[in-house]
Amino acid sequence: MSARAWAELLRLPALFTVPGDVLAGAAAVPGRPGGRTLLAAASSLCLYEAGMALNDWADREEDAVERPHRPLPSGRVRPAAALAAAGALTAAGLALAALAGRPALAVATPLAVTVWAYDLVLKRTPAGPVAMAAARGLDLLLGAAATGPARGAVRRALPSAALLSAHTLAVTAVSRHETTGGAALPPLAALTTSGTLGLLLARELPAGRGAAPTPGLPGSAGARPRTGRPPLGTVLTAAYTALAARPYLHAALHPTPQLTQRAVAGGIRATIPLQAALCARAGAPVAALCTAALAPLAARFSRKVSVT
């Protein structure tokens with residue numbers, strides 16, 4: 001069992017899309033990120049990787065037919081080892097969340113349950129995309145719970161979580177057809193979703209960090225409007241929309257397996273500028289820049305490690 005095989009199993013390039021969840025959640029609440037935020041980020045990474053290992057364990061028979069090159073069907077990683085890794089990473093994620101405080105653990109626990117339920121039960125049901133979207137939203141709320149005040153932190157971050165969940169729902173719906181193609185409606189719906197999210201992010205901003213992280217959604221009422229729009233937020237919003245829209249459009253016009261797979265990959269890559277835009281719109285430019293910096297790293301590692 002080589003390190004490269006484990007890197008493929010855990011889909012390490014996709015790991016760069018995870019820290020932005022916690023940073024966007026932390027940006028949505030009053031206060032500054034600190035040690036508990038770092039613990040929440042580590043917890044998030046562990047739970048995400050647990051889901052990756054568990055996903056391949058649950059799909060090992062299907063992958064033997066459709067993706068024989070994957071680590072489990074090719075024999076490069078033993079199924080028992082993948083399942084043990086999923087369990088160990090879940091335990092580590094919950095332990096780190098507990099160190100980040102009770103509010104963080106209260107969010108990490110349903111997040112872990114959602115990850116396992118998705119991989120083992122819900123993935124092939126109509127509830128699958130909803131479960132995946134819920135997991136991303138909870139991941140963002142984990143950052144808010146670890147960073148913000150004991151009361152109200154999760155509520156303040158709900159608008160940002162809703163946007164991230166909507167994006168994830170769209171990507172996951174498209175991914176259900178990436179091996180067969182032939183479905184134009186999911187990428188068309190995803191294209192509409194990305195455009196709508198871009199419009200919401202482009203609206204006028206509230207004043208003050210965490211006052212109302214996502215304008216135009218519940219929670220923004222009563223905030224003082226800020227004149228002008230931060231260039232950073234505008235650039236990141238445009239990057240998100242452009243990165244997601246083009247492959248969705250191609251897949252909607254020609255829903256072949258190849259273009260559908262490209263649409264899924266584009267949607268996943270667009271997660272990072274979306275997270276960064278959420279940080280910028282919440283008044284956290286440093287977090288936005290740190291999140292945006294993960295995009296080229298993800299692209300570089302994706303050229304070295306297969307994630308399909």
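Remember, it's a predicted structure, so these values are computed and weren't measured experimentally.

Examining the overall build of the protein chain
Broken down by element type, the protein chain carries 13 helices and zero strands. Going from N to C terminus, the protein chain has its helices and strands arranged as α-α-α-α-α-α-α-α-α-α-α-α-α. In the protein chain, buried positions account for 48% of the 308 residues. For the protein chain, the proportion of contacts with a sequence separation of at least 24, taken over those separated by at least 6, is 76%. Carbon and sulfur atoms form 67% of the exposed surface of the protein chain, whose accessible area is close to 13,400 Å².

Structural notes on the packing of helix 3 (residues 35-58) against helix 5 (residues 79-99)
For the pair helix 3 and helix 5, interaxial distance at closest approach is 8 Å and the crossing angle is 160°. Relative to helix 5, the element helix 3 is oriented roughly antiparallel. Two packed elements cross with a definite hand, and for helix 3 against helix 5 that hand is left-handed. In this structure, helix 3 contributes Leu39, Ala42, Ser43, Cys46, Leu47, Glu49, Ala50, Ala53, Leu54 and Trp57 to the contact, and helix 5 contributes Pro79, Ala82, Leu83, Ala86, Leu89, Thr90, Ala92, Gly93, Leu96, Ala97 and Leu99. Residue composition of the contact of helix 3 with helix 5, grouped by class: 17 nonpolar, three polar and one charged.

Some points on the pattern of salt bridges
Summed over the entire model, instances satisfying the criterion amount to 11 salt bridges. The salt bridge involving arginine 124 is made with glutamate 62; its shortest N-O contact spans 2.6 Å. Here the residue arginine 124 occupies a position in the loop between helix 6 (102-122) and helix 7 (128-147), and glutamate 62 occupies one in helix 4 (residues 60-66), the gap between them amounting to 62 residues. Of the charged contacts, one joins arginine 67 and glutamate 66 as a salt bridge, the two residues approaching to 3.9 Å between their closest N and O atoms. By sharing partners, the salt bridges in this structure join Asp59, Glu62, Asp63, Glu66, Arg67, Lys123 and Arg124 into a single network.

Some points on helix 8 (residues 153-175)
Along an α-helix, a turn takes 3.6 residues, which lines up residues three or four apart on a common side. Taking 1.5 Å of rise per residue, the 23 residues of helix 8 would be expected to cover 33 Å, and the 32 Å separating its terminal C-alpha atoms lies within 8% of that figure. Largest kink in helix 8: about 40°, centred on proline 159.

Observations regarding unusual backbone geometry
Phi is positive for arginine 11, which is not a glycine, with a value near 50°. Of the residues examined, arginine 11 reaches a relative accessible area of 14% and is grouped as buried.

A few points about the nonpolar core
Within the largest apolar cluster, 54 residues are counted, with the highest numbers of intra-cluster contacts made by Leu111, Leu140, Leu141, Leu142, Tyr248 and Leu278. Here the element with the most residues in this core is helix 11 (residues 257-281); it accounts for nine residues. When residues no more than four places from it in sequence are discounted, the contact partners of leucine 111 are Leu47, Ala135, Leu138, Asp139 and Leu142.

Here we look at the environment of leucine 253
Within the secondary structure layout, leucine 253 lies in helix 10 (residues 231-253). Linking leucine 253 and proline 187, residues 66 residues apart in sequence, is a C-alpha distance of 9.0 Å.

So, the packing of aromatic side chains
Aromatic ring pairs are defined here through the distance separating the ring centres and the angle between the ring planes. In total, this model carries zero aromatic pairs according to the counting rule given. In this structure, arginine 60 is placed above the aromatic ring of tryptophan 57, and the distance from its NZ or CZ to the ring centre is 4.3 Å.

So, the confidence of the model for the protein chain
Overall, the prediction assigns the protein chain a mean pLDDT of 88, with 89% of residues at 70 or greater. In this model residues 210-228 is a low-confidence stretch, pLDDT under 50, and it forms 45 contacts with partners more than four residues away in sequence or in other chains.

Details of the packing of helix 3 against helix 6
Two elements in contact, helix 3 and helix 6, have axes whose closest approach is 9 Å; the angle formed by their N-to-C orientations is 15°. Relative to helix 6, helix 3 is oriented roughly parallel. At the point where helix 3 passes helix 6, the crossing takes the right-handed sense. Residues Ser43, Leu47, Gly51, Leu54, Asn55, Trp57 and Ala58 of helix 3 form the contact with helix 6, whose participating residues are Ala108, Leu111, Ala112, Val115, Trp116, Asp119 and Leu120.

Cut-offs used in this document
- Residues numbered from 1 in each chain as written.
- Predicted model: local features only at pLDDT ≥ 70, side-chain atom pairs only at ≥ 80, totals over all residues.
- Heavy atoms only, no water.
- Helix = DSSP H or I, 4+ residues; strand = E, 2+ residues; numbered from the N terminus.
- Buried < 20%, exposed > 50% of the residue type's maximum accessible area, 1.4 Å probe, protein only.
- Contact = heavy atoms within 4.5 Å.
- Areas by Shrake-Rupley, 256 points an atom, 1.4 Å probe, with all protein chains shown as cover.
- Axes fitted to C-alpha atoms, helices over the stretch in contact; angles between N-to-C directions.
- Parallel < 35°, antiparallel > 145°, perpendicular 65-115°, else oblique.
- Left-handed = near helix turned anticlockwise from the far one by under 90°.
- Nonpolar A, V, L, I, M, F, W, Y, C, P; charged D, E, K, R; others polar.
- Salt bridge = Lys/Arg side-chain N within 4 Å of Asp/Glu carboxyl O.
- Expected span 1.5 Å × (residues − 1).
- Bend = angle between axes of the 7 residues up to and from the residue.
- Core = buried A, V, L, I, M, F, W, Y, C linked by side-chain atoms within 4.5 Å.
- Phe/Tyr/Trp six-rings, centres within 6.5 Å; stacked < 30°, edge-to-face > 60°.
- Lys NZ or Arg CZ within 6 Å of the ring centre and 35° of its normal.
- pLDDT = per-residue confidence, 0-100.

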